[in-house]
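Descriptive analysis of the structure
Spelled out from the first residue to the last, the chains are:
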Amino acid sequence: MPPLVVETPESLQQYVGKEIGVSEWFTITQERIAQFAEATEDRQWIHLDRERAERESPYGTTIAHGFLTLSLISRFMKDVIQVSSGVGMAINYGLNRVRFPSPVRAGSKVRAKVVLQSVKEVERGYETTFAVTIEAEGSEKPCCVAESLVRYYR
């Protein structure tokens, strides 16, 4: 599905309360999990030791870090929305209500559904709140839910 393209941050107002879009599927490889473990120095066996995970983990394999899944929100947002003008820069302003209801097994495909919750004017721009639900293919529960705050500055 192509991204929603809006002219300016102000024009986002008409989408408040609506689903903006669904991203493309993205595969979480064991290599990506290992790279994230190195970058964050979180080398817990549940993420890196496939044989042990097969024996001892309730998931039967290694799983992605929750923060790896969360960090993909920026990537998924590019899939679902673009503001074509009136923006000097867009920044990740923060997150609210982050939860990881289910694991992401190595090799899984994930995608995000994005709903625009609010748009408010701030000095030199607009602050938006998006409800982001990341789901893993074939899983009944989402693997990550969060409110993502993005500021669009003129």
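Definitions and cut-offs
Residues numbered from 1 in each chain as written. Predicted model: local features only at pLDDT ≥ 70, side-chain atom pairs only at ≥ 80, totals over all residues. Heavy atoms only, no water. Helix = DSSP H or I, 4+ residues; strand = E, 2+ residues; numbered from the N terminus. Buried < 20%, exposed > 50% of the residue type's maximum accessible area, 1.4 Å probe, protein only. Contact = heavy atoms within 4.5 Å. Areas by Shrake-Rupley, 256 points an atom, 1.4 Å probe, with all protein chains shown as cover. Lys, Arg positive; Asp, Glu negative; His and termini not counted. Charge placed at Lys NZ, Arg CZ, Asp CG, Glu CD. Salt bridge = Lys/Arg side-chain N within 4 Å of Asp/Glu carboxyl O. Polar contact = N/O pair within 3.5 Å; in protein donor to acceptor, adjacent residues only side chain to side chain. Phe/Tyr/Trp six-rings, centres within 6.5 Å; stacked < 30°, edge-to-face > 60°. Arc of directions from axis to C-beta.

1. Some thoughts on the overall build of the protein chain
A tally of regular secondary structure across the protein chain gives 5 helices and 8 strands. Starting at the N terminus and ending at the C terminus, the protein chain contains elements arranged as β-β-β-α-α-α-α-α-β-β-β-β-β. Counting only C-alpha atoms, the protein chain reaches 55 × 30 × 25 Å along its principal axes. For the protein chain, buried positions account for 42% of its 154 residues. Excluding contacts between residues fewer than 6 apart, the proportion of contacts in the protein chain whose partners are at least 24 apart in sequence is 69%. Carbon and sulfur atoms form 47% of the exposed surface of the protein chain, whose accessible area is close to 8,500 Å². Computed over 19 positive and 20 negative side-chain charges, the inter-centroid distance for the protein chain is 3 Å.

2. Considerations on the pattern of salt bridges
What the rule picks out here adds up to 10 salt bridges. For Glu38, the salt bridge goes to Arg43, with nearest N and O atoms at 2.9 Å. Owing to a relative accessible area of 47%, Glu38 belongs among the partly exposed residues under this scheme. In this structure, Arg75 engages Asp79 in a salt bridge whose closest nitrogen and oxygen atoms are separated by 2.9 Å. Here the residue Arg75 and the residue Asp79 both occupy positions in helix 5 (residues 73-80), the gap between them amounting to 4 residues, near one helical turn. Look at Arg75 and you get partly exposed, because its relative accessible area is 29%. The exposure class of Asp79 is buried, given its relative accessible area of 18%. One network of salt bridges, with partners in common, ties together Arg52, Arg55 and Glu56.

3. Observations concerning the side chain of Ser102
Following the sequence through the fold, Ser102 ends up in the loop between strand 5 (89-99) and strand 6 (109-122). Engagement of the side chain of Ser102 in a polar contact is seen with the backbone oxygen of Lys141, the distance being 3.3 Å. For Ser102, the side chain forms a polar contact with the main-chain oxygen of Pro142, separated by 2.9 Å. Look past the residues within four positions of Ser102 in its chain and what remains in contact with it is Ser139, Lys141, Pro142 and Cys143.

4. Some details on the packing of aromatic side chains
Enumeration according to the criterion identifies 2 aromatic pairs in this entry. For the ring pair Phe26 and Phe76, a centre distance of 6.5 Å and an interplane angle of 85° mean the geometry is edge-to-face. Of the two residues, Phe26 sits in strand 3 (residues 26-27) while Phe76 sits in helix 5, which places them 50 residues apart along the sequence. What makes Phe76 buried here is its relative accessible area of 1%. Ring centres of Phe67 and Phe100 lie 6.2 Å apart, and the angle between their planes is 70°; this geometry places the pair in the edge-to-face category.

5. Considering helix 1 (residues 30-40)
An α-helix turns once every 3.6 residues. As a result, residues three or four positions apart point the same way. Along helix 1, the residues that are buried comprise Gln30, Ile33, Phe36 and Ala37. One face of helix 1 carries all of its buried residues, which in axial projection span an arc of 120°. Along helix 1, exposed side chains directed more than 90 degrees from the buried face belong to Glu31 and Ala39. Where helix 1 is buried, its residues meet helix 2 (45-48), helix 3 (50-56) and helix 4 (66-71). Just beyond helix 1, the residue with positive phi is Glu41, at close to 60°.

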